[in-house]
Amino acid sequence: MMIKILSKIVAALMVVILGSLCMVANGAAKVYCRIAGIFFNFIGICVLLAVITSQWNNVFILAIISGAGFLSYLAVGLIMTVLESGKDFFNTVLHG
């Protein structure tokens, strides 16, 4: 009986902590999207200018920068997915 109560308390704390982290990650993702939109537009213009002037080294460098930005956005999505999955798991423990 005591173990069930203790597990419910731990599950409730984890739901609160993971829920808070999900809210922070969601806010950070929204801010990241706004900044990345401006950044990728700027990078796109730079790539276009580099292609027009045949500066292929610069195109390669800008492609690497764009890829890193894309991978960082995928990382944010993965972190948010793991947090949501953990929150759902502890929510099931709490109500199951």
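Since the structure is predicted, the reported quantities are computational estimates derived from the model, not experimental observations.

Attention now goes to the overall build of the chain. Across its full length, the chain holds 2 helices and 0 strands. For 96 residues, the compact-globule estimate of 2.2 N^0.38 gives 12 Å, and the C-alpha radius of gyration of the chain, at 21 Å, exceeds that figure by more than 25%. Relative to its full complement of 96 residues, the chain shows a buried share of 17%. When the accessible surface of the chain is split by element, carbon and sulfur atoms take 79% of a total near 7100 Å².

On to the state of the cysteines, then. Throughout the structure, instances matching the rule amount to 0 disulfides. Here cysteine 22 is not disulfide-linked; the sulfur of cysteine 33 is the nearest cysteine sulfur, at 16 Å.

The subject of this paragraph is helix H1 (residues 2–52). The terminal C-alpha atoms of H1, which comprises 51 residues, lie 72 Å apart, in line with the 75 Å expected from a rise of 1.5 Å per residue. Within the span of H1, buried status applies to Ala11, Val15, Leu18, Gly19, Cys22, Ala25, Ala29, Ala36, Ile43 and Ala50. Where the residues of H1 are buried, they touch helix H2 (56–95). The positive-phi residue at the C-terminal boundary of H1 is serine 54, with phi of around 60 degrees.

Let us look at H2. Here H2 spans 58 Å end to end across 40 residues, near enough to the 58 Å set by a 1.5 Å rise per residue. Among the residues of H2, those classed as buried are Val59, Leu62, Ser66, Gly69, Leu83 and Gly86. Looking at the buried residues of H2, the elements they touch are H1.

Right, let's get into the packing of aromatic side chains. This model, assessed by the stated rule, comprises 3 aromatic pairs. The interplanar angle of 10 degrees and the centroid separation of 5.6 Å between the aromatic rings of tyrosine 32 and tyrosine 73 together place this pair among those described as stacked. With tyrosine 32 in helix H1 and tyrosine 73 in helix H2, this residue pair connects regions lying 41 residues apart in the sequence. Classification of tyrosine 73 as partly exposed rests on a relative accessible area of 36%.

For the rest of this paragraph, the subject is the pattern of salt bridges. Applying the stated rule across the entire model yields 1 salt bridge. In this structure, the salt-bridge partner of glutamate 84 is lysine 87, at a minimum N-O distance of 4.0 Å. With glutamate 84 and lysine 87 both in helix H2 and 3 residues apart, the pair spans about one turn of that helix. Given the relative accessible area of 22%, lysine 87 is considered partly exposed.

What follows covers the environment of valine 51. Mapped onto the secondary structure, valine 51 falls in helix H1. For valine 51, a relative accessible area of 36% gives the class partly exposed. Beyond its immediate stretch of four places on either side in the chain, valine 51 contacts Trp56 and Val59.

Thresholds, definitions, all that
- Residues numbered from 1 in each chain as written.
- Predicted model: local features only at pLDDT ≥ 70, side-chain atom pairs only at ≥ 80, totals over all residues.
- Heavy atoms only, no water.
- Helix = DSSP H or I, 4+ residues; strand = E, 2+ residues; numbered from the N terminus.
- Rg over C-alpha atoms; globule rule 2.2 N^0.38 Å.
- Buried < 20%, exposed > 50% of the residue type's maximum accessible area, 1.4 Å probe, protein only.
- Areas by Shrake-Rupley, 256 points an atom, 1.4 Å probe, with all protein chains shown as cover.
- Disulfide = S-S within 2.5 Å.
- Expected span 1.5 Å × (residues − 1).
- Contact = heavy atoms within 4.5 Å.
- Phe/Tyr/Trp six-rings, centres within 6.5 Å; stacked < 30°, edge-to-face > 60°.
- Salt bridge = Lys/Arg side-chain N within 4 Å of Asp/Glu carboxyl O.

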